[in-house]
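# An overview of the molecular structure
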Amino acid sequence: MQPRGMSAAPTSRWADRDFVLRTVRQDGHALGYAAKPLKADRDLVLEAVRHDGYALYWAVESLQADREVVLAAVRQGGRALAQAAAPLKADREVVLAAVREDGNALEHAAEPLQEDRDLVFEAVRQDGDALYWAAEPLWADRELVLVAVRTFGGALQWVDETLKADREVVLAAVRENGATLCYAAASLRADREVVLAAVRQAGNALEHAAEPLKADREVVLEAVLQNGYALYHVAEPLCDNRDVVLEAVRQDGGALRYAAAPLKVDREFMLAAVRQSYCALFYATEPLKADRDLVLEAVRSWGGALRFAAAPLRADPEFMHEVVLAKEPLVHRMLTGTESSFSSFNHALTELILREYTKGRAELALATFPHWPGDESDACGKPQDRPLRKSC
């Protein structure tokens, strides 16, 4: 472990008590640079740990065994308990102060204190994740588990199997983190209310729902409203449901890649899709990428969508003039200084339009701009980072 970047001061300065004292009051970790005798200076170390409890790491062993110094440290940073001497890790008052500041300080408590229900209760109330460090018999304590999953739904993974089938416990967990549905008993993954609560919090929790619920229109709509990519987990009959797919596309245009193939060749549907998200053009079939009206709709949503259009369209001066006209209000705002953001139009393309627009030759400049900067995946998420499967 290295102290944070203050090494620029000359070595001699780190032996100067007044200098080090002033410095640790600003950054406790500066204690790491102090000369060894100063790391044994009790008052100076106290100042350091009051600013940053983790500065206890740099103190000499005798001060890591000093109760007052350790209490000051864990009250500022609970997990500084890791640096305390073993007897203090078994000191209930010290450990209680630590877990009240950071529940996961329970990791460093002596084993008997990890079995102390009241102390563990304080830890999980601060952070439910701390349940992991509690003695396993406490994982079956319903009251304790409820407190834990309400602050950290993922704690459901460690609880006793009987509680993974407890409806109240699982509901509390998925309301905090819908993805924890994967730890619930099978009976509750088939419970419509539980699954609805889960997908409203995390749409992709649909992956862990029982198969019949993946074909439940209301459940599926709630899932794609929260995360368009939940369409990946939808049962086949709903993959060609226009309303479901459009809601998914509205939330994340890239979700179109999971739509049923017939929708991707349906011009009327794709027009609606590009109005929801320019990304829809990225997943359109080649004939539709050459459709002037459809591409213009996408460009009106975001100018950079032009990079997804068929090459013949991008080489057509007349069409490119239509593109400039479609974006004219934005260009005008940029020229008049009332629009400073380039976010709604491809940066390089906008700069080119602005330069040529003032010369009255925007369409010519655009027609001779054959290569669009950036990878296509940049605009609509990187496909390689998305789950892959055949469309439904």
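Residues numbered from 1 in each chain as written. Predicted model: local features only at pLDDT ≥ 70, side-chain atom pairs only at ≥ 80, totals over all residues. Heavy atoms only, no water.

### Focus on the overall build of the protein
Scanning the protein from terminus to terminus reveals 26 helices and zero strands. Counting across all 392 residues of the protein, residues that qualify as buried make up 52%. Counted over contacts in the protein with a minimum sequence separation of 6, partners at least 24 positions apart contribute 47%. As displayed, the protein has an accessible area near 17900 Å², and 49% of this comes from carbon and sulfur atoms. (Helix = DSSP H or I, 4+ residues; strand = E, 2+ residues; numbered from the N terminus. Buried < 20%, exposed > 50% of the residue type's maximum accessible area, 1.4 Å probe, protein only. Contact = heavy atoms within 4.5 Å. Areas by Shrake-Rupley, 256 points an atom, 1.4 Å probe, with all protein chains shown as cover.)

### A word on the confidence of the model for the protein
Regions with low pLDDT should not have their predicted coordinates read in detail. When pLDDT is averaged along the protein, the result is 84; 81% of the residues meet or exceed 70. Within the model, pLDDT remains below 50 along residues 341-348, and this stretch shows 23 contacts once partners closer than five positions in the same chain are excluded. For the stretch residues 354-379, pLDDT sits under 50, and the model shows 52 contacts to residues farther than four places along the chain or on other chains. (pLDDT = per-residue confidence, 0-100.)

### Looking at the environment of Ala110
Structurally, Ala110 can be placed in the loop between helix H6 (92-101) and helix H7 (111-114). Every residue in contact with Ala110, bar those within four places of it in the chain, is listed here: Lys89 and Ala90.

### Let's talk about the side chain of Arg314
Inspection of the secondary structure assignment puts Arg314 in helix H21 (residues 311-314). A residue is classified by how much of its surface remains accessible, and Arg314, at 15% relative accessible area, is buried. Polar side-chain contacts of Arg314 include one of 3.2 Å to the backbone oxygen of Arg307. A distance of 2.7 Å separates the side chain of Arg314 from the backbone oxygen of Ala309, its partner in a polar contact. (Polar contact = N/O pair within 3.5 Å; in protein donor to acceptor, adjacent residues only side chain to side chain.)

### Quick look at the pattern of salt bridges
Counted under the stated rule, the structure contains 36 salt bridges. A salt bridge links Lys164 to Glu161, with the nearest nitrogen and oxygen atoms 3.3 Å apart. One end of the pair, Lys164, and the other, Glu161, are both in helix H10 (residues 161-164), three residues apart, so they sit about a helical turn from each other. Where Asp191 meets Arg167, a salt bridge forms, and the shortest distance between an N and an O atom there is 2.8 Å. Here Asp191 is found in the loop between helix H12 (186-189) and helix H13 (192-201), whereas its partner Arg167 is found in helix H11 (residues 167-176), with 24 residues between them in sequence. Overall, Arg167 belongs to the partly exposed group, its relative accessible area being 33%. (Salt bridge = Lys/Arg side-chain N within 4 Å of Asp/Glu carboxyl O.)

### Some details on the environment of Ala84
In this fold, Ala84 is placed in the loop between helix H4 (67-76) and helix H5 (86-89). Since its relative accessible area comes to 6%, Ala84 is described here as buried. C-alpha of Ala84 to C-alpha of Glu61: the two residues are 23 residues apart in sequence and 8.6 Å apart in space. With near-sequence residues (within four places) excluded, Ala84 lies in contact with Leu56, Gln64, Val70 and Lys89.

### Details of the packing of helix H14 (residues 217-226) against helix H16 (residues 242-251)
It is the contact of H14 with H16, at a shortest axis distance of 7 Å, that shows an interaxial angle of 15°. By the criterion of interaxial angle, the relationship of H14 to H16 is roughly parallel. The two elements H14 and H16 meet at a crossing, and its hand is right-handed. The segment H14 lies against H16, with Arg217, Val220, Leu221, Val224, Leu225 and Gln226 engaging Asp243, Val244, Glu247, Ala248 and Gln251. Classifying every residue of the contact of H14 with H16 by side-chain character gives six nonpolar, two polar and three charged. (Axes fitted to C-alpha atoms, helices over the stretch in contact; angles between N-to-C directions. Parallel < 35°, antiparallel > 145°, perpendicular 65-115°, else oblique. Left-handed = near helix turned anticlockwise from the far one by under 90°. Nonpolar A, V, L, I, M, F, W, Y, C, P; charged D, E, K, R; others polar.)

### Considering the nonpolar core
The biggest cluster of nonpolar side chains holds 129 residues, and the ones touching the most others in it are Leu131, Leu256 and Leu281. The residues touching Leu131, leaving out its near neighbours within four places in the chain, are Val124, Trp139, Leu144, Val145, Ala148, Ala155, Trp158 and Val159. (Core = buried A, V, L, I, M, F, W, Y, C linked by side-chain atoms within 4.5 Å.)

### Section: H6
Within H6, the full set of buried residues consists of Val94, Val95, Leu96, Ala97, Ala98 and Val99. Those residues of H6 that are buried are in contact with H4, H5, H7 and helix H8 (117-126). Put simply, Asp91 is the residue that caps the front of H6, since its side-chain oxygen is 3.1 Å from the backbone nitrogen of Glu93.

### Regarding H8
Burial in H8 covers these residues: Leu119, Val120, Phe121, Glu122, Ala123 and Val124. Along its buried surface, H8 packs onto H6, H7 and helix H9 (142-151). Backbone nitrogen of Asp118 and a side-chain oxygen of the N-cap are separated by 3.1 Å at the start of H8; the cap is Asp116.

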